[in-house]
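# Analysis of the macromolecular model
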Amino acid sequence: KKEIIDNIVSDAQTLILVPEINDAQKIFANLERKKDAIIITGSLGAKNLWEAMIAVRQGEKKIIIGTHRAVFLPFYNLTNIIIDDEGSFSHKSWDMAPRLHNRDAALILAKYYGAKTFILGHSPTAETYFFTKEKIYNGDIKQIPDLIREHEIVKMSDEKKSGNYSAISETLAKNIKDTTG
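Now for a quick tour of the structure. (Residues numbered from 1 in each chain as written. Predicted model: local features only at pLDDT ≥ 70, side-chain atom pairs only at ≥ 80, totals over all residues. Heavy atoms only, no water.)

Right, let's get into the packing of aromatic side chains. All chains considered together, the criterion is met by two aromatic pairs. Between F75 and Y113 the ring centres are 5.9 Å apart and the planes differ by 85 degrees, which places this aromatic pair in the edge-to-face class. On the criterion of sequence distance, the pair formed by F75 in the loop between β3 (63-66) and β4 (78-83) and Y113 in helix α4 (residues 102-113) is long-range, its members being 38 residues apart. A residue is classified by how much of its surface remains accessible, and F75, at 2% relative accessible area, is buried. (Phe/Tyr/Trp six-rings, centres within 6.5 Å; stacked < 30°, edge-to-face > 60°. Helix = DSSP H or I, 4+ residues; strand = E, 2+ residues; numbered from the N terminus. Buried < 20%, exposed > 50% of the residue type's maximum accessible area, 1.4 Å probe, protein only.)

Below, the structure is given as structure tokens:
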């Protein structure tokens, strides 16, 4: 949570996307400037949501903490987008329309507003790891040093072309055999 708070710019808007409502409340509780912040979740009623949208559009609220619903706000001066716990399945809406992933929506918003995007989490998703490794995303994936391990993304279609029809790649099979004996 310290990483999130350290990246908030005082005179511009920062969107903090969290996977769950209780995560938004935890971040809000740790903020020093509570009067500049607002929580946007699916639990807001129509009237409160409308008032929140007006406050965000007029620049009254600088720190917007929310779930999926916060992506659709009319921002005034959005400069930072922070995705907390990016690996959480709750960032992806699979059961209701519109179906989207907060990470993808944040990247589109960042491009539109010229904002910086910070993707935080204990471990990156396979997509984030791949796009960072291939330099599609700018920046590095940071992990706790004790947890850093060698990663390899394997195309299973290439495995099948080489004659391996198993659900496990040759490299993984070799590593399992070496580890377990």
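Okay, the environment of I153 next. For I153, the position within the fold is in the loop between α5 (126-133) and α6 (156-161). Distance from I153 to A126, taken between C-alpha atoms, is 8.1 Å for residues 27 residues apart in sequence.

Before going further, it helps to spend a moment on a nonpolar patch on the surface. The grouping of F130, I136 and I153 at the surface amounts to a nonpolar patch, some 260 Å² of accessible area in total. The class of F130 is partly exposed, set by a relative accessible area of 33%. (Patch = residues over 30% accessible without salt bridge, like charges linked within 9 Å, V, L, I, M, F, W, Y side chains within 5 Å. Areas by Shrake-Rupley, 256 points an atom, 1.4 Å probe, with all protein chains shown as cover. Salt bridge = Lys/Arg side-chain N within 4 Å of Asp/Glu carboxyl O.)

Attention now moves to the pairing of strand β2 (residues 37-40). Pairing between β2 and β3: four bridges, direction parallel. Each residue of the ladder has a partner; that of I38, found in β3, is I64. You can see the chain leave β2, run along helix α3 (residues 46-57) and come back into β3, and the turn it takes is right-handed. (Pairing = 2+ DSSP bridges. Right-handed = clockwise from strand over helix to strand, strands pointing away.)

Moving on, we get to the sheet that holds β3. With parallel pairing, the five strands of this open sheet are ordered in space as β2-β3-β1-β4-β5. One side of each edge strand has no neighbouring strand; the edge strands of this open sheet are β2 and β5 (116-119). Neighbouring strand axes in the sheet, compared pairwise and without regard to direction, differ in orientation by 15 degrees on average. Seen against the sheet, helix α2 (residues 21-30) touches β1 (13-17), β2 and β3 and runs at an angle of roughly 175 degrees to β2. (Axes fitted to C-alpha atoms, helices over the stretch in contact; angles between N-to-C directions. Contact = heavy atoms within 4.5 Å.)

Looking at the second largest pocket, its volume works out to about 310 Å³. Among the residues forming the lining of the second largest pocket, the class breakdown is eight nonpolar, five polar and three charged. (1 Å grid on protein atoms, 1.4 Å probe; cavity = no way out; pocket = protein on both sides within 12 Å on 5 of 7 lines; lining within 4 Å. Points joined across faces, edges and corners; volume = space filled by probe spheres on them. Nonpolar A, V, L, I, M, F, W, Y, C, P; charged D, E, K, R; others polar.)

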